[in-house]
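# Summary of structural features
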Protein chains: 2
Amino acid sequence: MVKISIIEDNVFARTAWATALSSEEDFVVLESFGSCEEAIESEVIKKSDVILLDIGLPGISGIKGAEILSSINNNALIIMITIQDDDKSIFGSLQAGAIGYLHKSVSPEELIGAIRLALKGGSPMTPQIARKVLKSFHKFKPKYTEDKLTDKETTILNLLSEGKSYKKISEEIFLSVDGVKYHIRSIYEKLHVHSRAEAVNKGQKLRILTKW
Amino acid sequence: MVKISIIEDNVFARTAWATALSSEEDFVVLESFGSCEEAIESEVIKKSDVILLDIGLPGISGIKGAEILSSINNNALIIMITIQDDDKSIFGSLQAGAIGYLHKSVSPEELIGAIRLALKGGSPMTPQIARKVLKSFHKFKPKYTEDKLTDKETTILNLLSEGKSYKKISEEIFLSVDGVKYHIRSIYEKLHVHSRAEAVNKGQKLRILTKW
DNA sequence: AGTTAAACTACACACAAAGGTAGAAATCAA
DNA sequence: TTGATTTCTACCTTTGTGTGTAGTTTAACT
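Residues numbered from 1 in each chain as written. Chains lettered and ligands numbered in written order. Predicted model: local features only at pLDDT ≥ 70, side-chain atom pairs only at ≥ 80, totals over all residues.

## Some words on the nonpolar core
Most often, soluble globular proteins have nonpolar side chains that are buried together. Put simply, the test is: Take the buried Ala, Val, Leu, Ile, Met, Phe, Trp, Tyr and Cys residues, join any whose C-beta atoms are within 7 Å, and the set you get is a nonpolar core. Buried residues are those with 20 or more other C-beta atoms within 10 Å of their own C-beta, exposed residues have 12 or fewer, and partly exposed residues lie in between; C-beta atoms are placed from the backbone. For every residue pair, C-beta atoms are placed from the backbone, and the pair is scored as a contact if these atoms sit within 7 Å.
Of all hydrophobic cores here, the largest spans 79 residues; its most connected members are Leu52(A), Ile78(A), Ile79(A), Leu52(B), Ile78(B) and Ile79(B). Residues in contact with Ile79(A), not counting those within four places in the same chain, are Val50(A), Leu52(A), Leu53(A), Ala98(A), Ile99(A), Gly100(A), Leu102(A), Ala114(A), Ala118(A) and Pro124(A). In terms of nonpolar packing, the next biggest core, distinct from the first, is built from 24 residues, Leu157(A), Ile208(A), Leu191(B) and Ala199(B) among them.

## Re the protein's contact with DNA strand D
Here is the rule: Working rule for contacts: place C-beta from the backbone, and if it is within 6 Å of a molecule or strand, that residue counts as near it. In this text, helices come from DSSP runs of H or I with a minimum length of four residues, and strands from runs of E with a minimum of two, each type numbered from the N-terminal end. Here the term charged refers only to Asp, Glu, Lys and Arg, the term nonpolar to Ala, Val, Leu, Ile, Met, Phe, Trp, Tyr, Cys and Pro, and the term polar to all other amino acids, Gly among them.
In the region of DNA strand D, 17 residues are neighbours, and His194(A), Ser176(B), Asp178(B), Gly179(B) and Tyr182(B) sit closest. Ranked by residues supplied to the surface near DNA strand D, first place goes to helix H10 (residues 177-191) of chain B with four residues. Its residues assigned to classes, the surface near DNA strand D comprises four nonpolar, seven polar and six charged.

## Description of the interface of chain A and chain B
Every contact between the two is made by 39 residues of chain A and, on the other side, 39 residues of chain B. When its residues are assigned to classes, the side of chain A that touches chain B shows 16 nonpolar, 15 polar and eight charged.

## Let's talk about the protein's contact with DNA strand C
Near DNA strand C you find 17 residues, and of these Ser176(A), Asp178(A), Gly179(A), Tyr182(A) and His194(B) are the closest. Mapped onto the surface near DNA strand C, the elements with two or more residues apiece are helix H10 (177-191) of chain A together with helix H9 (166-172) and H10 of chain B. Among the elements that line the surface near DNA strand C, the one with the most residues is H10(A), at four residues. For the surface near DNA strand C, the class distribution of residues is five nonpolar, seven polar and five charged.

## Observations regarding the packing of helix H4 (residues 62-72) of chain B against helix H5 (residues 87-96) of chain B
Residue and element names in this part refer to chain B. Put simply, the test is: Angles here are taken between N-to-C directions and fall from 0 to 180 degrees, while the axes themselves are lines fitted to C-alpha atoms, restricted in helices to the stretch in contact. Orientation categories follow fixed angle ranges, with anything under 35 degrees roughly parallel, anything over 145 roughly antiparallel, 65 to 115 roughly perpendicular, and all other angles oblique.
With their axes 8 Å apart at the nearest point, H4 and H5 run at an angle of 10° to one another. Judged by the angle between their axes, H4 and H5 are roughly parallel. Residues Gly62, Ile63, Ala66, Glu67 and Ser70 of H4 pack against Ser89, Gly92, Ser93 and Ala96 of H5. Per-class residue counts for the contact of H4 with H5 are three nonpolar, five polar and one charged.

## Re H10(B)
Residue and element names in this part refer to chain B. Put simply, the rule is: In this analysis, the expected span of each helix is defined as 1.5 Å times one less than the number of residues it contains. Each C-beta atom gives one direction from the helix axis, and the arc is the one those directions make.
For H10, with 15 residues, the first-to-last C-alpha span of 21 Å sits near the 21 Å given by 1.5 Å per residue. Every buried residue of H10 is listed here: Val180, His183, Ile187, Lys190 and Leu191. Buried residues of H10, viewed axially, fall in a sector of 90°; they line one side. Along H10, the residues that are exposed and aim more than 90 degrees away from the buried face are Asp178, Tyr182, Arg185 and Glu189. With its phi angle positive at about 60°, His192 sits one or two positions after the end of H10.

## Focus on the pairing of strand E4 (residues 77-82) of chain A
All names here are of chain A. As a reminder of what qualifies: Two strands are counted as paired when DSSP detects at least two bridges linking them. Seen with its strands pointing away from the viewer, a crossover is right-handed when the path leading from the first strand over the helix to the second is clockwise.
Taken across its six residues, E4 has six buried, putting it largely inside the fold. Burial of E4 is two-sided: the residues Leu77, Ile79 and Ile81 facing one way and the residues Ile78, Met80 and Thr82 facing the other way are all buried. Direction of pairing for strand E3 (residues 50-53) relative to E4: parallel, over a ladder of four bridges. Within E4, the residue paired with Leu52 across the bridge is Ile79. A crossover links E3 with its parallel partner E4, the connecting element being helix H4 (residues 62-72), and its sense is right-handed. Where E4 meets strand E5 (residues 100-103), four bridges bridge the pair, whose relative direction is parallel. Residue pairing in the sheet places Ile79 in a bridge with Gly100 of E5.

## A look at the domain arrangement of chain A
As a reminder of what qualifies: Annotation comment: domain bounds sourced from an automatic or database domain assignment.
By domain assignment, chain A separates into domain 1 (2-135) and domain 2 (145-205). Centre-to-centre separation of domain 1 of chain A and domain 2 of chain A, based on C-alpha positions: 44 Å.

## Considering the environment of Ile83(B)
All names here are of chain B. For Ile83, the location among the structural elements is in the loop between strand E4 (77-82) and H5. Judged by C-beta crowding, with 11 C-beta atoms within 10 Å, Ile83 ranks as exposed. Taking the C-alpha atoms as reference points, Ile83 and Gly56, separated by 27 residues in sequence, lie 8.3 Å from one another.

## Quick notes on the sheet that holds E4(B)
Residue and element names in this part refer to chain B. If you walk across this open sheet you meet the five strands as E2-E1-E3-E4-E5, and the pairing is parallel. On the outer flanks of this sheet lie strand E2 (27-33) and strand E5 (100-103), each paired with one strand and no other. Neighbour to neighbour, the strand axes of the sheet diverge by 20° on average, direction disregarded. Where helix H1 (residues 11-22) meets the sheet, it contacts strand E1 (2-7), E2 and strand E3 (50-53), and its direction lies at approximately 165° from that of E2.

## Let's talk about the sheet that holds strand E1 (residues 2-7) of chain A
All names here are of chain A. The strand order across the open sheet built from five strands is E2-E1-E3-E4-E5, with neighbouring strands paired in parallel fashion. With partners counted over all chains shown, the strands left at the sheet margins are strand E2 (27-33) and E5, one partner each. On average, adjacent strands in this sheet sit at an angle of 20° to one another, irrespective of strand direction. H4 rests against E1, E3 and E4 of the sheet, and its axis sits at about 170° to E4.

## A look at helix H11 (residues 196-205) of chain B
All names here are of chain B. The element H11 is largely enclosed, with a buried count of nine among its 10 residues. Among the residues of H11, Arg196, Ala197, Glu198, Ala199, Val200, Asn201, Lys202, Gly203 and Gln204 are the ones counted as buried. Backbone geometry just after H11 places Arg207 at a positive phi near 55°.

## Things to note about the environment of Pro108(A)
Tracing the backbone through its elements, the reader meets Pro108(A) in helix H6 (residues 108-119). A sequence separation of 91 residues divides Pro108(A) from Trp17(A), and the C-alpha atoms of the two residues are 7.1 Å apart.

Next comes the structure, spelled out in structure tokens:
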């Protein structure tokens, strides 16, 4: 028996899903909650195999909720079912531990199919979400070669990410302190930043920085 | 007409795919290549809508190939079709610009379906790959609660990664400059670092920082 | 040999950061 | 209510950072 919990503040959607899922022989809806708070309190979560979760909830948001729920029951498959399709909602949910992300307009059959897919080790997503997720992996390609860091600059950027000071870096790469400054200036220029923290951040995003 | 190119060193697989795809009214296989080198040289790549790409190729690997091909034609939809399912192959391909990742055992119908899905803005993947990809987003859960950043600390860490100063941050989150300092101190303590750059670096590694 | 661009050194300065210390204010539990 | 804890404010000092400006060396190309 696949044990399912639903968290969704709209009563109509909640009962609609519950009845749809109950029509399956091997599915059982343990309980439907109107908010994350209620669900977190309940022992039912610990017994759930699948949790259907909305994002736009009153009180604790679905994203935060997903994080808490997955810490309570790490084995539960959390599937977001929501109308939000902005980056923050999508990636926030996934980071929080969701393994699927569906739009609220799913038909009962699709929902059942999605749950079965999740149980089989897959990750139900709409095609658009899937594309967004994959695109988020793509390397950023600098348009102009001028924006590409030299080897020395890359080395220094790595040292910056370790929190090294001008002096420490100059000692490590056998250069004057001002020599180090010279290179850091061009790193900043190429990455369009004005501080070490920002440079490290951008370096990670552009996958210039190694070893992580 | 959907213009397709195939890069695959196995002649049998190559022709099998080509004939399968040609059976579709609106598909046309422009050319089949035995290696990335050949494909890169060819003008055909620039005209392709879809590129099917193997990873285990002689010479330039499919991963490196995907990177080069997508730099030649950024609009082409690159779909990997391969037997490799290790992290390096999967994530390397996606980083290189692929928007789909299928196993070589796909049936002709599935392959056609995958291409149509890609054309519709989706990202064809096997369920297992999809799960892997989504899981890669999941936050690391620190073992000890003492090391977990609070919401406010996380917010501030994100602002640090944008290169904001104490003053800027204090204005943004309505706190005194020293209030901000107070939180940054505990961020440093929890992450065991002593500077913004290092904190940002560690934040990325621990996936505390939003990475999109 | 002369020109040029990149790499490096040097100096100066306003400002920001890191960390020490100390004491309100708010929150929570007994 | 009291004490304990957390959060926040305040002040201070040393050190580091970001940037402007300027001069020198080095290597490459004509």
